[in-house]
Amino acid sequence: MTYCVGLKTHHGLVFMSDTRTNAGVDNISIFRKMHCWQKPDDRVLVLLSAGNLATTQAVISLLDERTKAPDERTPSMIETPSMYQAARLVGDTVKEVIRQSAPAGQSADAFGASFILGGQIRGMEPRLFLIYPEGNFIEVGADTPFFQIGETKYGKPILVRAFDPTMSLEETVKLLLVSFDSTLKSNLSVGLPIDLLYYENDTFRIGYEKRIEADNPYLREISEGWSDALKRAFKSLPDFKR
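Cut-off values and rules
- Residues numbered from 1 in each chain as written.
- Predicted model: local features only at pLDDT ≥ 70, side-chain atom pairs only at ≥ 80, totals over all residues.
- Heavy atoms only, no water.
- Salt bridge = Lys/Arg side-chain N within 4 Å of Asp/Glu carboxyl O.
- Buried < 20%, exposed > 50% of the residue type's maximum accessible area, 1.4 Å probe, protein only.
- Helix = DSSP H or I, 4+ residues; strand = E, 2+ residues; numbered from the N terminus.
- Pairing = 2+ DSSP bridges.
- Axes fitted to C-alpha atoms, helices over the stretch in contact; angles between N-to-C directions.
- Contact = heavy atoms within 4.5 Å.
- Parallel < 35°, antiparallel > 145°, perpendicular 65-115°, else oblique.
- Nonpolar A, V, L, I, M, F, W, Y, C, P; charged D, E, K, R; others polar.
- Phe/Tyr/Trp six-rings, centres within 6.5 Å; stacked < 30°, edge-to-face > 60°.
- Disulfide = S-S within 2.5 Å.
- Expected span 1.5 Å × (residues − 1).
- Polar contact = N/O pair within 3.5 Å; in protein donor to acceptor, adjacent residues only side chain to side chain.

A.B. asks: Explanation requested: the pattern of salt bridges in the structure shown.
C.D. replies: Between side chains of opposite charge, pairing is possible as soon as their charged atoms come close. Scanning the model with the defined rule gives 13 salt bridges in all. The closest approach of N and O atoms between D64 and K68, which form a salt bridge, is 3.0 Å. Residue D64 is classed as partly exposed on the basis of its relative accessible area of 26%. Residue K68 is classed as exposed on the basis of its relative accessible area, which comes to 53%. Here D92 ties to K95 by a salt bridge, and the two come within 3.7 Å at their closest N and O atoms. Highlighted residues: D92 and K95, both in helix 2 (residues 83-101), separated by three residues, approximately one helical turn. The partly exposed category is assigned to D92, whose relative accessible area is 37%. On the basis of relative accessibility, which here comes to 37%, the residue K95 falls in the partly exposed class. One salt-bridge network, in which partners are shared between bridges, spans R32, D195, E209 and R211.

So this is what it looks like as structure tokens:
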């Protein structure tokens, strides 16, 4: 399992993902689920992945390979004319990989994977997409300013209640860490470290990137502070009257 979030604010795009792919008493694996393509002064594209590990790695590898091999540059993540076309490219690649991976007569569900794609290409607005295992996709909007993939239910309530698109980067990261802390405490299949990336509108370069480890003091402060705040809020509510 995994947990990834992409948020669109008035200032830019914020991405956060965990790194656990397998969970068990004696089987814990760490793989990066955040991938980025850049073309200086032209574009920044960020892709988050969740689902079957073989599928997600094959999709990423194929997309990456096509940015390097001259005879396969079209289509390419660094050459697509728009973010919409980039989303179509990812969707088509997902379908291609799943079609090749699933043996004849076997359901493709076991090979499913979903993705969050966000970024900006020069001359256009920043955009954020959720790409389904079937290859189709939807775009973020005013009513849905963020996307989640993987284990979404534990971290969603705080995002729905507290997210404001005018938030600063610092406030957005704080909110996402609360969302991730709730998920980490509720599901062992989501685990540290956490990858964070911020893209500021119209800069065409990564603004901030960091891996947050288990011993990060700010993460510990957020986790303990949120737990204490929830207890205080619960105690402040009126008791049920029979």
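A.B. asks: Honestly, the sheet that holds strand 5 (residues 34-39) in this entry has me stumped. Any pointers?
C.D. replies: The strands making up a sheet associate through hydrogen bonds between their backbones, and the pairing can be parallel or antiparallel. Within the open sheet, the five strands sit side by side as 5-6-7-8-9. Their pairing is antiparallel. Here the strands that pair on one side only, and so sit at the sheet edges, are strand 5 and strand 9 (137-139). Ignoring which end each strand starts from, the neighbouring axes of this sheet average 20° apart. The strands that helix 1 (residues 53-65) touches are strand 5, strand 6 (43-51) and strand 7 (113-121); relative to strand 6, the one it contacts most, it runs at about 160°. Helix 2 rests against strand 6, strand 7, strand 8 (127-131) and strand 9 of the sheet, and its axis sits at about 155° to strand 7.

A.B. asks: Where do I start with the packing of helix 4 (residues 169-186) against helix 5 (residues 217-236) in this structure?
C.D. replies: For any two helices packed against each other, the geometry comes down to the angle between their axes and how far apart the axes lie. Running from amino to carboxyl end, helix 4 crosses helix 5 at an angle of 70°, the nearest separation of the two axes being 10 Å. Viewed along their axes, helix 4 and helix 5 adopt a mutual orientation that is roughly perpendicular. Judged by residue contacts, K174, L177, V178, D181, S182 and K185 of helix 4 engage Y218, L219, I222, S223 and W226 from helix 5. Taken together, the residues of the contact of helix 4 with helix 5 break down into six nonpolar, two polar and three charged.

A.B. asks: Please explain the packing of aromatic side chains as it appears in this structure.
C.D. replies: Any two aromatic rings considered together are summarised by their centre-to-centre distance and by the angle between their planes. Tallying each qualifying case throughout the model produces three aromatic pairs. When the centroid spacing of 4.5 Å and the interplanar angle of 40° are considered together, the rings of Y3 and F180 count as tilted. Taken as a pair, Y3 in strand 1 (residues 3-8) and F180 in helix 4 lie far apart in primary sequence, 177 residues in all. The same class applies to Y3 as to F180, namely buried. Judged by centre distance (5.6 Å) and plane angle (90°), the ring pair of F129 and F137 falls under edge-to-face. You can call F129 buried: its relative accessible area is 1%. Taken together, the ring pairs connect Y84, F129 and F137 into an aromatic cluster.

A.B. asks: How should the state of the cysteines be read in this particular structure?
C.D. replies: Among covalent bonds in proteins, the disulfide is the one between the sulfur atoms of two cysteines. Scanning all chains against the criterion turns up zero disulfides. A disulfide-free cysteine, C4 has its sulfur positioned 15 Å from the sulfur of C36, the nearest such atom. For C4, a relative accessible area of 0% corresponds to the buried category.

A.B. asks: Quick question: what am I supposed to make of the sheet that holds strand 1 here?
C.D. replies: As summarised here, the arrangement of the five strands in space is 10-1-2-11-12, forming an open sheet in which the pairing is antiparallel. Each edge of the open sheet carries a strand with a single partner, namely strand 10 (146-150) and strand 12 (208-212). Averaged over neighbouring strand pairs, the angle between their axes works out to 10° when direction is ignored. Alignment of strand 11 (residues 194-200) against strand 12, held across five bridges, turns out to be antiparallel. In the strand pairing of strand 12, L197 is matched with E209.

A.B. asks: So what exactly am I meant to see when it comes to helix 2 here?
C.D. replies: One turn of the α-helix equals 3.6 residues, which is why residues spaced by three or four share an orientation. Given a rise of 1.5 Å per residue, 19 residues ought to cover 27 Å, and the 27 Å separating the end C-alpha atoms of helix 2 matches this to within 8%. Regarding helix 2, the residues found buried are M83, A86, A87, L89, V90, G91, T93, V94, E96, V97 and I98.

A.B. asks: What is the right way to read the side chain of N187 from this model?
C.D. replies: Looking at the secondary structure, you find N187 in the loop between helix 4 and strand 11. Looking at N187, the relative accessible area reads 14%, which means it is buried. A polar contact of 2.5 Å, which involves the side chain of N187, links it to the side chain of S189.

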